[in-house]
Amino acid sequence: MKYSSFTNPLHSHEHSLNTLNLLYEYDDFMESVATVVDLGSGSDLHDLEWWTTRTTRDEQQLPLEIQGTAVDLELPDRSVDHVSFVKHDIQTFSENKRPFDVLWCHDVFQYLHSPYQALANWRNIADDDAMLVLTFPQTVSMQYNVQAFDLLPGHCFHHTMTSLIYMLALNGWDCNGGFFKKHAEDPWLHAIVYKSSQEPLPPGTSWYELMETGLLPETAAKSVFKHGYVRQQDLVLPWLDKSLTWMAQQ
């Protein structure tokens, strides 16, 4: 069964546009992108179609000619120009003829039963300094001033911002130069990180060892230095629009 947090693919794409439209404002970045993979692309390919139809924002708009790859176990319902399809479990997808500049994963990560292995595998298909964009809902929340731990259909783990940062840094994704967002009244976790030269470390690696890699956000590293681990309330994290997420307010 294919799970989703949205009632239909268009609602999912509308949610994606909150991030995509911010990325589009970074002209040099967009012009540097040649290949994008959508990990868990779904049936309608709206997000990939957005990437492959982008143009420059100049007065004379020129196509960016971005090539897209959809990876999923289910065939898409339609074809899209400049998009190829690979039938594969995204958790074990670790080989491709050409590395990707952007790895896009929207409303999928929460359903993975091997998230550590997936993040390690995805490094193998990422070009140097490639960008990984993750968006998925947190299942720990406050409801009527009471903590709620709801394991929704298809979910395997309770993810939080601290656990996400740990998993990403552990697998060699640079969170120090990355972007994160989580609103207090919104369950969605947003992360944009970059492939580093650091090889993945074994699960269970200490926060101190991760701090020494230089891959943790600045406020996370300060929290480790002071307490020996990352406290959520210590995290202050930047987003693409230069806003800050103060996790102490969550």
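Residues numbered from 1 in each chain as written. Predicted model: local features only at pLDDT ≥ 70, side-chain atom pairs only at ≥ 80, totals over all residues. Heavy atoms only, no water.

Enquirer: I'd like a description of the packing of aromatic side chains, backed by residues and values.
Expert: Taken as a whole, this structure holds 7 aromatic pairs when the rule is applied. Between Tyr24 and Trp50, the aromatic rings sit 5.8 Å apart at their centres with planes inclined by 75°, giving edge-to-face as the arrangement. One end of the pair, Tyr24, is in the loop between α1 (9-23) and α2 (27-32); the other, Trp50, is in helix α3 (residues 46-52), and 26 residues separate them in sequence. Both residues of the pair, Tyr24 and Trp50, count as buried. Among the aromatic residues, those joined into a cluster by ring pairs are Tyr24, Trp50, Trp51 and Trp104. The aromatic ring of Tyr24 is capped on one face by Arg54, whose charged end is 5.3 Å from the ring centroid. (Phe/Tyr/Trp six-rings, centres within 6.5 Å; stacked < 30°, edge-to-face > 60°. Helix = DSSP H or I, 4+ residues; strand = E, 2+ residues; numbered from the N terminus. Buried < 20%, exposed > 50% of the residue type's maximum accessible area, 1.4 Å probe, protein only. Lys NZ or Arg CZ within 6 Å of the ring centre and 35° of its normal.)

Enquirer: Got a sec to walk through the pattern of salt bridges? Specific residues and values, please.
Expert: Counted by the stated rule, this structure contains 5 salt bridges. Arg123 serves as the salt-bridge partner of Glu199, at 3.7 Å between the closest nitrogen and oxygen. With Glu199 in the loop between β9 (188-195) and α6 (207-213) and Arg123 in helix α4 (residues 115-124), this residue pair connects regions lying 76 residues apart in the sequence. What makes Glu199 exposed here is its relative accessible area of 52%. Owing to a relative accessible area of 5%, Arg123 belongs among the buried residues under this scheme. (Salt bridge = Lys/Arg side-chain N within 4 Å of Asp/Glu carboxyl O.)

Enquirer: Lay out helix α5 (residues 161-170) in plain terms, naming residues and giving numbers.
Expert: By the criterion of burial, α5 is predominantly enclosed, with 9 of the 10 residues buried. Restricting attention to buried positions, one finds in α5 the residues Met161, Thr162, Leu164, Ile165, Tyr166, Met167, Leu168, Ala169 and Leu170. If you follow the buried residues of α5, they end up packed against α4, β5 (126-137), β8 (173-181), β9, α6 and β10 (236-238). Within two residues after α5, Gly172 carries a phi angle of roughly 80°, on the positive side. (Contact = heavy atoms within 4.5 Å.)

Enquirer: Pulling in residues and values, what's your account of the pairing of β8?
Expert: Moving residue by residue along a regular strand, the side chains alternate between the two faces of the sheet. Pairing between β8 and β9: 5 bridges, direction antiparallel. Residue pairing in the sheet places Phe180 in a bridge with Ala191 of β9. (Pairing = 2+ DSSP bridges.)

Enquirer: I'd like to hear about the environment of Val83, residue by residue, with values.
Expert: Turning to its location among the elements, Val83 is positioned in strand β3 (residues 83-87). Expressed as a C-alpha distance, the spacing of Val83 and Gly68, which sit 15 residues apart in the sequence, is 4.5 Å. Excluding its chain neighbours within four sequence positions, the residues that come into contact with Val83 are Leu45, Leu48, Thr52, Gly68 and Ala70.

Enquirer: Help me get a handle on the environment of Gly40, residues and values and all.
Expert: As for its position among the elements, Gly40 is in the loop between β1 (35-39) and α3. The sequence separation of Gly40 and Trp104 amounts to 64 residues, and the corresponding C-alpha distance is 8.7 Å. Discounting chain neighbours no more than four positions away, the residues touching Gly40 are Val71, Asp72, Ile90 and Val108.

Enquirer: Outline the pairing of β5, supporting the account with residue identities and numerical values.
Expert: Of all 12 residues in β5, 9 are buried, a share of seventy percent or more. Here strand β4 (residues 100-106) runs beside β5; their pairing, made up of 6 bridges, is parallel. Within β5, the position partnered with Val102 by the bridge is Met131. Once you follow β4 into α4 and on to β5, the crossover reads as right-handed. (Right-handed = clockwise from strand over helix to strand, strands pointing away.)

Enquirer: Lay out the sheet that holds β8 in plain terms, naming residues and giving numbers.
Expert: Read from one edge to the other, the open sheet built from 7 strands follows the order β3-β2-β1-β4-β5-β9-β8, with strand pairing classed as mixed. A strand with exactly one partner marks an edge of an open sheet, and here the two such strands are β3 and β8. Averaged over all adjacent pairs, the angle separating strand axes in this sheet is 20°, with direction ignored. Of the strand pairs in this sheet, strand β2 (residues 67-72) and β3 are connected by 5 bridges, and their pairing is parallel. Bridge pairing in β3 links Gly68 to Val83. With respect to the sheet, α1 is in contact with β4, β5 and β9, its orientation differing from that of β4 by roughly 145°. Taken strand by strand, α5 contacts β5, β8 and β9, and its axis lies near 155° from that of β8. (Axes fitted to C-alpha atoms, helices over the stretch in contact; angles between N-to-C directions.)

Enquirer: Which residues make up the nonpolar core, and what values do they have?
Expert: Leu103, Phe109, Trp122, Leu134 and Leu168 are the most contacted members of the largest nonpolar core, which has 44 residues in total. Of all the elements, α5 adds the most residues to this core, at 8 residues. Among residues more than four places away in sequence, those in contact with Trp122 are Leu39, Ile90, Phe93, Leu103, Cys105, Phe109, Leu112, Leu132, Leu134 and Trp173. Within the second largest apolar cluster, 25 residues are counted, among which are Leu22, Val33, Ala70 and Val83. (Core = buried A, V, L, I, M, F, W, Y, C linked by side-chain atoms within 4.5 Å.)

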